[in-house]
Each structure stands twice: as C-alpha cells, then as structure tokens.
Amino acid sequence: MRGDRRPLVVAVAAGVLALALTACSGPAPTDVAVTPTATGFGGQAPVDGSANGIETVDGATALRDVLAAMRSESVVATGTVTELVPDPAAAAGSGDTVPGRAVRIDYRGTAEDSALRLAVGDVSLDARRRADDVWVSGNAAFAAQSGLAKATSGRVCVPATSATMRDLAPFTEPDDLLRSLLGTGSDVTLHPGAVTGTGKDARVQIVVANGSSPIGTLVVSAVGEPVPYSFRASDTTGTVDLTFADWGAEQDLGDPDDVVAGC
C-alpha cells in the first residue's frame, strides 16, 4: 500500500466525525442540566436486571461506562452518518445545507468475531473478522483505494492490525465509532428524570450537548450493563442515526466464503 495514500474511510468521513465537536446554532434550551456528580459502578458489573444507576452519574462517567459495556457482548449496530455541506443553490452566507457524503454501516458480532458491511460514497466493502485475521472483499473503488486487487473477486485475508483495517477505523468496532463521534471535547450531560420504561426495558436518555445546546441523544439501558440502544444527533456539520440491538444474542456469521487469498 502506498504511503502517500489518504486513509480510506476516515478521509472520506473526516467532516462527519467532527459532528459533536462543533456548536449548533440557536438559543440554549432550558431543559438541559448537568446531573449531580457521582461515581459510577465502574468495573463492578451490576446484577442482570438490577438498576445500574447510570442516571445518577456525571456525563464523563456515563460515557466511560457505556463504552466499557459495549465491548462486553455481541451486538447488531446499523445506521448512517451523513455529512452536511453548503447548499449550492442557496444564497451565499445563508447557512443552508444539503446532505453530502454518507457512511452506511451494518455491524454484527463482537470485537473478536464480527461481520461488517460498510459503504462510503462509491466505496463498499464486506469484512469478516475472526480473532487476528480479517477476510475482506469489496467493489472496484475499494480495491483501488486499498491496493487489494483481488478483493473484487472474493475475500482477501489481512491481519486485523494491517494498514487496510487501520484505514477503516473507527468503523470496525461500534464503541470506537461512538467514541469518535462524541469526541473528547464534547460536553455529555444527563437529562434529569429521563428514565423511561420498567424492568429490563428501562432506558436512560443521555443528552449530548455542546455547552448548553443539545445536538442529540444517546439512549442506554438503565438496568444491567448500560449498553446503548440508539444514538441520534445533528448539527451544522452532519447527522448521525445509529441503532444498537440484540445485545448478547449469538450471531450466526458463518465461515468466510469465496476466499481468494488466504492468511
């Protein structure tokens, strides 16, 4: 792979990943508040079915615990991250935008055993990971970008630590994607009184904000591990619509098929 080639996916989605790091316009709403600071359950996993207290902690602790919980079980993560660009038909300085580049993701499994389908503009690919090996295939645009000429005719095995897989980050693992979208500079706050549902269906709505201006919501479980169920956000740079489902469910991913280049 050529050293001067820009990263495959991150370069395409660079503007989108800045979503939660920029402020949105408009007056600050009155229903955003920071909840009392408290310690989370940290590494102590709550008993299945018991309240995890995620609604009582500060935003940084909540995000840390959510990201940690995401790596513990299998999941189906699907959705779209779309960049917004200036509307060429609008008057100069109007601030009007239209959808630009979009990243569509379909992820199933765990960090060690997963299947990923990804589409970024005219680039599309399919990656099947098992431990330290990943079998990838894709269209002509992916083959050209990655340098894997055989990828258009079947799966090519590459190490999980290879440049090809690094170029696909952070889309190869849901927790990395969520961390990148939120960013270290975002101000994550909890909406007071936002626990809804009962039993194992209880949910907590975390308001994702820049300062006092909300740009989206992250809905997580209020019982057991605080795994997320949805993340929706929008500001002047882009939109995010992600869904997380089937936590802990066994995924029948099958063996890598149509292998044209083994490990």
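Preceding block: the structure.
First, a word on what this report is: a plain description of the structure on this page.

### Quick look at the side chain of S146
Right, so step 1: Within the secondary structure layout, S146 lies in helix α3 (residues 140–146).
Right, so step 2: A distance of 2.8 Å separates a polar atom in the side chain of S146 from the backbone oxygen of F142.
Right, so step 3: A polar atom in the side chain of S146 sits 3.2 Å from the backbone nitrogen of L148.

### Let's talk about the packing of aromatic side chains
Right, so step 1: According to the stated counting rule, one finds 0 aromatic pairs in the structure shown.
Right, so step 2: In this structure, R203 packs its charged tip against the face of Y229, placed 3.8 Å from the ring centre.

### What to know about the state of the cysteines
Right, so step 1: In the structure shown here, the tally under the stated rule is 1 disulfide.
Right, so step 2: Between the sulfur atoms of C157 and its disulfide mate C263 the distance is 1.7 Å. In this structure the cystine formed by C157 and C263 twists about its S-S bond by roughly 80°; its chirality is therefore right-handed. Note that C157 is positioned in strand β6 (residues 155–159) and C263 in the segment after β12 (259–261), a separation of 106 residues in sequence.

### Section: the environment of D122
Right, so step 1: Structurally, D122 is set in the loop between β3 (113–120) and β4 (123–130).
Right, so step 2: Here D122 falls in the exposed class, since its relative accessible area comes to 60%.
Right, so step 3: Residues D122 and N139, 17 residues apart in the sequence, show an inter-C-alpha distance of 8.7 Å.
Right, so step 4: Those residues in contact with D122 that sit more than four places away from it in its chain are N139 and A141.

### With respect to the packing of helix α2 (residues 59–70) against helix α5 (residues 174–182)
Right, so step 1: Where α2 meets α5, the axes come as close as 8 Å, and the angle between the chain directions of the two elements is 155°. Comparing their axes, α5 and α2 come out roughly antiparallel. Between α2 and α5 the crossing geometry is right-handed. Of α5, the residues touching α2 (which contributes L63, V66, L67 and M70) are P174, D175, L178, R179 and L182.
Right, so step 2: Counted by class, the contact of α2 with α5 contains 7 nonpolar, no polar and 2 charged residues.

### Points about unusual backbone geometry
Right, so step 1: Going from A169 to P170, the amide bond is cis rather than trans, its omega being 10°.
Right, so step 2: Structurally, P170 is set in the loop between α4 (163–168) and α5.
Right, so step 3: Phi angles above zero are rare outside glycine, and A131 is one such case at about 55°.
Right, so step 4: With respect to the helices and strands, A131 occurs in the loop between β4 and β5 (133–138).
Right, so step 5: A positive phi is found at D258, a non-glycine position, where the angle reads about 50°.
Right, so step 6: Within the fold, D258 resides in the loop between β11 (238–245) and β12.

### Quick notes on the nonpolar core
Right, so step 1: The biggest cluster of nonpolar side chains holds 52 residues, and the ones touching the most others in it are L118, L178, L218, F231, L242 and F244.
Right, so step 2: If we skip the residues at most four places from it in the chain, L218 touches V66, L178, V204, Q205, I206, V208, P228, S230 and F231.

### Points about the pattern of salt bridges
Right, so step 1: The final tally for this structure, using the stated rule, is 13 salt bridges.
Right, so step 2: One salt bridge in this structure joins R129 and E173, with 3.6 Å as the shortest N-O distance. Taken together, the residues R129 in strand β4 and E173 in the loop between α4 and α5 connect sequence positions 44 residues apart. Each member of the pair, R129 as well as E173, is classed as buried.
Right, so step 3: Close ionic contact of R232 with D241 constitutes a salt bridge, the shortest N to O distance being 3.1 Å.
Right, so step 4: Residues participating in the shared-partner salt-bridge network are R71, R129, E173 and D175.

### Here we look at the environment of T237
Right, so step 1: Residue position: T237 is located in the loop between β10 (228–234) and β11.
Right, so step 2: Between the C-alpha atoms of T237 and L84, which are 153 residues apart in sequence, the distance is 5.1 Å.

Cut-off values and rules
- Residues numbered from 1 in each chain as written.
- Predicted model: local features only at pLDDT ≥ 70, side-chain atom pairs only at ≥ 80, totals over all residues.
- Heavy atoms only, no water.
- Helix = DSSP H or I, 4+ residues; strand = E, 2+ residues; numbered from the N terminus.
- Polar contact = N/O pair within 3.5 Å; in protein donor to acceptor, adjacent residues only side chain to side chain.
- Phe/Tyr/Trp six-rings, centres within 6.5 Å; stacked < 30°, edge-to-face > 60°.
- Lys NZ or Arg CZ within 6 Å of the ring centre and 35° of its normal.
- Disulfide = S-S within 2.5 Å.
- Buried < 20%, exposed > 50% of the residue type's maximum accessible area, 1.4 Å probe, protein only.
- Contact = heavy atoms within 4.5 Å.
- Axes fitted to C-alpha atoms, helices over the stretch in contact; angles between N-to-C directions.
- Parallel < 35°, antiparallel > 145°, perpendicular 65-115°, else oblique.
- Left-handed = near helix turned anticlockwise from the far one by under 90°.
- Nonpolar A, V, L, I, M, F, W, Y, C, P; charged D, E, K, R; others polar.
- Core = buried A, V, L, I, M, F, W, Y, C linked by side-chain atoms within 4.5 Å.
- Salt bridge = Lys/Arg side-chain N within 4 Å of Asp/Glu carboxyl O.

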